[in-house]
Amino acid sequence: MATFFGEVVVAPSRAGVDDEESAEEAGEETPEDREIRRELEKKREIDVLWTLKSGAPAEGSADEPFACSKFIVAIGHSAAAFLSSFILDSVCWEVVGVVKLWNEWCRTSNTTNVLPTDSFCLFYRLISDPTVLLCQCSCYVAEDQQFQWLEKVFGCMRKEGLQVTILSTCPVADYKTQESTLTLPSPFLKALKTKEFKEQICCPLLEQPNIVRDLPAAVLSYCQVWQIPAVLYQCYTDVIKLDTVTIEAFKPLLSSKILKSLVKDVSESTKFLKKLLTTNETHNNIYI
């Protein structure tokens, strides 16, 4: 083929192109691609390890679904810190499970000795009432891993008589309102609930067109589908690190029916909160 200026141009030809290049051009998956995809899928699988009475972790779900009357899920560092400060202690609660996962944003292990700044997902059971379960999930669960998390966690529980409370945080910039977000009294709480949740909520409902995302939305949607009474309390904040104001924004929930009987001594809570924030500040300063 020749151009108007007499230059000889070789016409494109598929002759001599090997099968692998042809497959790539056609958008087909090569055997190497399939192997890489399988390895990535295997690596991104979520493992829920439940602790046996002997203390050894057992991979997978429990042999039979266990009874659970209250399931409290704290998603994010601030929500997890709130439960550590005002609910959890080593006397009344015991660790019964851990989620092991890997994705582009975080990696968790099966250890239960964690710092407030670590990425982790732990399950605790109230010793005096084993039907009360609590989860602290400060790690990021990717979109393609959320269904696994839901199936493997809720699959271990009987859904009869179950009630779920979800705590999470969100940047105040994501809150949609006609007012300027600069004038909003940040942090503040908003709630979403399933149709089956009939108890009084501790803050105003989240207005349209606001939506929730990620694991908090997935848990609430799961509860709606399975007709489980559930409420999500989302704290909108303008602070991205652990701070007293954001953590204490959840304090109105301590008067709720589900948390009221679980609150530990207030003076101890204040001491633990200060200790937690000091530990977090010290850990952050290491990387300055």
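Nothing here was measured: the structure is a model prediction, and the numbers come from that model.

Criteria and thresholds
- Residues numbered from 1 in each chain as written.
- Predicted model: local features only at pLDDT ≥ 70, side-chain atom pairs only at ≥ 80, totals over all residues.
- Heavy atoms only, no water.
- Helix = DSSP H or I, 4+ residues; strand = E, 2+ residues; numbered from the N terminus.
- Buried < 20%, exposed > 50% of the residue type's maximum accessible area, 1.4 Å probe, protein only.
- Contact = heavy atoms within 4.5 Å.
- Expected span 1.5 Å × (residues − 1).
- pLDDT = per-residue confidence, 0-100.
- Disulfide = S-S within 2.5 Å.
- Phe/Tyr/Trp six-rings, centres within 6.5 Å; stacked < 30°, edge-to-face > 60°.
- Lys NZ or Arg CZ within 6 Å of the ring centre and 35° of its normal.

**Remarks on the overall build of the chain**
Here is step 1 of the chain: Per the secondary structure count, the chain includes eight helices and nine strands.
Here is step 2 of the chain: Looking at the 288 residues of the chain, the share that counts as buried comes to 41%.
Here is step 3 of the chain: In the chain, the share of contacts with a sequence separation of at least 24, taken over all contacts with a separation of at least 6, comes to 74%.

**A closer look at helix 5 (residues 214-225)**
Here is step 1 of the chain: Given a rise of 1.5 Å per residue, twelve residues ought to cover 16 Å, and the 17 Å separating the end C-alpha atoms of helix 5 matches this to within 8%.
Here is step 2 of the chain: For helix 5, every residue scored as buried is listed here: Leu 215, Pro 216, Ala 217, Ala 218, Val 219, Leu 220, Tyr 222 and Cys 223.
Here is step 3 of the chain: On its buried face, helix 5 sits against strand 3 (70-75), strand 6 (132-137), helix 4 (146-154), strand 7 (163-171), strand 8 (188-193) and strand 9 (230-237).
Here is step 4 of the chain: Trailing helix 5 by a residue or two, Gln 227 shows a phi angle of about 55°, which is positive.

**Some details on the side chain of Gln 146**
Here is step 1 of the chain: Looking at where Gln 146 falls in the secondary structure, it is placed in helix 4.
Here is step 2 of the chain: Using a relative accessible area of 10% as the deciding quantity, one classes Gln 146 as buried.
Here is step 3 of the chain: Once residues within four sequence positions are removed from consideration, Gln 146 is found in contact with Val 141, Asp 214, Leu 215 and Ala 218.

**Digging into the environment of Leu 192**
Here is step 1 of the chain: Positionally, Leu 192 belongs in strand 8.
Here is step 2 of the chain: As for Leu 192 and Ile 166, which are separated by 26 residues in sequence, their C-alpha atoms are 9.6 Å apart.
Here is step 3 of the chain: Residues in contact with Leu 192, not counting those within four places in the same chain, are Leu 205, Leu 206, Val 212, Leu 220, Ala 230, Val 231 and Leu 232.

**Looking at the confidence of the model for the chain**
Here is step 1 of the chain: The predicted model of the chain has a mean per-residue pLDDT of 82, with 76% of residues at 70 or higher.
Here is step 2 of the chain: Confidence over residues 54-58 falls short of pLDDT 50; this stretch has nine contacts with residues more than four positions distant or in other chains.
Here is step 3 of the chain: Of the regions scoring below 50 in pLDDT, residues 283-288 engages in three contacts with residues more than four places distant in sequence or in other chains.

**Some points on the state of the cysteines**
Here is step 1 of the chain: Overall, the coordinates contain zero disulfides when judged by the stated rule.
Here is step 2 of the chain: Free of any disulfide, Cys 106 has its nearest cysteine sulfur in Cys 139, 4.8 Å distant.
Here is step 3 of the chain: Taking the relative accessible area as the measure of exposure, Cys 106 reaches 8% and is therefore buried.
Here is step 4 of the chain: Here Cys 235 is not cross-linked by a disulfide; its sulfur's nearest cysteine counterpart is in Cys 170, at 9.5 Å.

**Re helix 3 (residues 77-86)**
Here is step 1 of the chain: Among the ten residues in helix 3, nine count as buried, and that is most of the element.
Here is step 2 of the chain: What helix 3 keeps buried is the set Ser 78, Ala 79, Ala 80, Ala 81, Phe 82, Leu 83, Ser 84, Ser 85 and Phe 86.

**What about the packing of aromatic side chains?**
Here is step 1 of the chain: One pass over the structure, following the stated rule, counts twelve aromatic pairs.
Here is step 2 of the chain: Ring plane angle 40° and centroid distance 5.3 Å describe the contact between Phe 82 and Phe 86, whose orientation is recorded as tilted. Remark: Phe 86 and Phe 82 occur in helix 3; sequence separation between them is four residues, near one turn of the helix. As far as the burial class goes, Phe 82 and Phe 86 line up, both buried.
Here is step 3 of the chain: Summarising the aromatic geometry, the rings of Tyr 175 and Tyr 236 are spaced 5.1 Å apart at their centres and angled 65° between planes, so their arrangement reads as edge-to-face. Taken together, the residues span a long stretch of sequence, with Tyr 175 in the loop between strand 7 and strand 8 and Tyr 236 in strand 9 at a distance of 61 residues. Accessibility assignment for this pair places Tyr 175 and Tyr 236 in one class, buried.
Here is step 4 of the chain: Three or more aromatic residues link up through ring pairs in this structure, and these residues are Trp 50, Phe 66, Phe 71, Phe 123, Phe 154, Tyr 222 and Trp 226.
Here is step 5 of the chain: The aromatic ring of Trp 102 is capped on one face by Lys 43, whose charged end is 4.3 Å from the ring centroid.

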